[in-house]
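Residue-level listing of the chains:
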Amino acid sequence: MGYIGIVNSDKKINSQVINLFKRDEIINYKILTNEEEIIEFISFELPELVVINFSDPDLNIESIMEQINHDIWVNNFGIIGIYNQEKISEEAVMKKYMDFNILTLLDSFLYKMVLTKCAKIILENKQFLFNKGFSEKLFDKDVGSFKIGNDPFVVSIYAGLASSMLIQKGLVKPELRMHIQLIFSELFVNAIEHGNCGITFEEKAKFLESGGNIIELIAEKNIDPAIAEKRVSIEWEISRDRSTFIIRDEGAGFDVLKLRDKVKKAGEYALHGRGIKMASLFAERLAYNKKGNAALVQIKHDKDIPPKAPETLSSEEIIDVKRGDIVCKEGEFGDSLYYISSGKYSVWHANKMVGELDPSDIFIGEMAFFLKNARSATVVAETNGRIIKISGKNFIQIIKKYPQYGLFLVKLLSVKIVRANSANVNLQNTLTDMKPTL
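Residues numbered from 1 in each chain as written. Predicted model: local features only at pLDDT ≥ 70, side-chain atom pairs only at ≥ 80, totals over all residues. Heavy atoms only, no water.

**Section: the packing of aromatic side chains**
Reasoning step 1: By the definition in use, this model includes 13 aromatic pairs.
Reasoning step 2: Ring centres 6.2 Å apart and planes at 70° place the aromatic pair Tyr97 and Phe100 in the edge-to-face group.
Reasoning step 3: Residue Tyr97 is classed as buried on the basis of its relative accessible area, which comes to 7%.
Reasoning step 4: On the basis of an interplanar angle of 70° and a centroid distance of 6.3 Å, the ring pair of Tyr339 and Phe363 is categorised as edge-to-face. Residue Tyr339 is located in strand β13 (residues 336-342), and its partner Phe363 is located in strand β16 (residues 363-364); the two are separated by 24 residues in the primary sequence. As far as burial versus exposure is concerned, Tyr339 and Phe363 are alike and both buried.
Reasoning step 5: Aromatic rings pair up to connect Phe146, Tyr158, Phe184, Phe188, Trp236 and Phe245 into one cluster. (Phe/Tyr/Trp six-rings, centres within 6.5 Å; stacked < 30°, edge-to-face > 60°. Buried < 20%, exposed > 50% of the residue type's maximum accessible area, 1.4 Å probe, protein only. Helix = DSSP H or I, 4+ residues; strand = E, 2+ residues; numbered from the N terminus.)

**Things to note about the sheet that holds strand β3 (residues 49-53)**
Reasoning step 1: Within the open sheet, the 5 strands sit side by side as β2-β1-β3-β4-β5. Their pairing is parallel. Whereas interior strands pair on both sides, the edge strands pair on one side only; in this sheet they are β2 (29-32) and β5 (102-107). Between one strand and the next, the sheet's axes are offset by a mean angle of 15°, whatever the strand orientation.
Reasoning step 2: For β3 and strand β4 (residues 78-83), the ladder comprises 5 bridges, and the chain directions are parallel. The partner of Val51 across the bridge, within β4, is Ile80.
Reasoning step 3: Contacting β1 (4-7) and β2, helix α2 (residues 35-44) crosses the sheet at an angle of about 150° to β2. (Pairing = 2+ DSSP bridges. Axes fitted to C-alpha atoms, helices over the stretch in contact; angles between N-to-C directions. Contact = heavy atoms within 4.5 Å.)

**Re the confidence of the model for the protein chain**
Reasoning step 1: Averaged over the protein chain, the pLDDT score is 84; the fraction of residues at 70 or greater is 86%.
Reasoning step 2: Looking over the protein chain, one finds the lowest element-wise mean pLDDT in helix α7 (residues 134-138), namely 64, and the highest in strand β17 (residues 378-381), namely 96. (pLDDT = per-residue confidence, 0-100.)

**Some remarks on the layout of surface pockets**
Reasoning step 1: When its volume is computed, the largest pocket comes out at roughly 1200 Å³.
Reasoning step 2: Lining the largest pocket are 41 residues, and of these Lys147, Ser233, Glu235, Ser342 and Gly343 lie nearest its centre.
Reasoning step 3: Contributions of two or more residues to the lining of the largest pocket are made by β6 (142-148), β7 (232-238), β8 (242-248), β11 (317-321), β13, β15 (352-357) and β18 (385-391).
Reasoning step 4: Among the elements that line the lining of the largest pocket, the one with the most residues is β6, at 6 residues. (1 Å grid on protein atoms, 1.4 Å probe; cavity = no way out; pocket = protein on both sides within 12 Å on 5 of 7 lines; lining within 4 Å. Points joined across faces, edges and corners; volume = space filled by probe spheres on them.)

**As for the environment of Ile157**
Reasoning step 1: Structurally, the position occupied by Ile157 is in helix α8 (residues 155-168).
Reasoning step 2: Owing to a relative accessible area of 3%, Ile157 belongs among the buried residues under this scheme.
Reasoning step 3: In this structure, the C-alpha to C-alpha distance between Ile157 and Leu105, residues 52 residues apart in sequence, is 9.4 Å.
Reasoning step 4: Once you skip the residues sitting within four places of it in the chain, Ile157 turns out to touch Val114, Lys117, Cys118 and Ile121.

**Re the nonpolar core**
Reasoning step 1: In terms of nonpolar packing, the biggest core is built from 102 residues, with Phe54, Phe188, Phe245, Val297 and Phe363 touching the most fellow members.
Reasoning step 2: For this core, the leading source of residues is α8, giving 9 residues.
Reasoning step 3: The contacts of Phe188, once residues within four sequence positions are left out, are Phe146, Ile148, Val155, Tyr158, Ala159, Ile234 and Ile247. (Core = buried A, V, L, I, M, F, W, Y, C linked by side-chain atoms within 4.5 Å.)

**A look at helix α5 (residues 111-124)**
Reasoning step 1: Compared with the 20 Å implied by 1.5 Å per residue over 14 residues, the 19 Å span of α5 between its first and last C-alpha is a close match.
Reasoning step 2: Listing the buried residues of α5 in full gives Tyr111, Val114, Leu115, Thr116, Cys118, Ala119, Ile121, Ile122 and Leu123. (Expected span 1.5 Å × (residues − 1).)

Rendered as structure tokens:
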């Protein structure tokens, strides 16, 4: 768990946050109540995540944000924003602080329910921290992915992260955030309930009419371990004109045309089919694959917002890998590293599996790249996925031009080293326990 800063002077809110963090065993945080300690903390503690009360009446939030924005070395963290909807709108916050990596906004009521879940999800999926700034300098097309378990309570968090990403990149107007978030929320829930949980249109209708709710029905389905282990994967590709998201579940699929007919006949106020209706209203395009277990939704970018020109890595090679493909081999020399867009990868050393990598690890092969050594392990794709091959020359050019991102890489490598050390200690303890006693 990374270091979290809490920028807030309201004693009541701080007390609530402390109780929430204590309940969910988050211990690595610091409460910051005045401007001087806030700037000092962010400048020298280099947090990965900061919770900011944008409606704090006793803090000059605008002054604090301006100071941070002027120092490129410290404006390198993710933000969970809290705001009082009676004092400022969500759209106003997003628009005012568009230069910052605001990952999600929680109103003064909602944060009590989901703040700790938000923090854990973000810190376990470091690609969200990576998306603002650094990735914009790396790629012409931004690609990425994440996965959701069958927990409807976290859907709004992931939907908020996805919609905030488009706002922060200046691709759609802040006032459309709520509509886009609703599209994602409905499609994510559809993938959970109809896909992974296999809940049919008729089953859902009967359950709702009897007074039950979809949360209870999903919980019943997840008693089955085979259903509980299924995941919904979300992959995105953001180009100049539009963003494309593919939401894929692990279910058996469904007859898309038949369901659309049922939704149409059910009427505007039916208790089901809202995902298709919402996406049809606000998305440029909604399509399903033949099996019915993957939805493609496209969001058209606002032409009134000037596009950001790619920096230097627009020619980098995007590689679609299949299960079993070898990404790199132990002992070989390579002047490149790989950005993980999607997929799961196993790491092998001396013919033994020693670890796993996924999009939250950001890169493959960075140690050999930085040390100019032969690769210490072989990396194999365990699932289908997508990676981007980055040449050493271009990567160094980016670091030279934006040296503050070196801090991000140091933190990323440090996490991997700590994880590797912990795995080694656990292995040694296991071997010690297995030694025969005389």
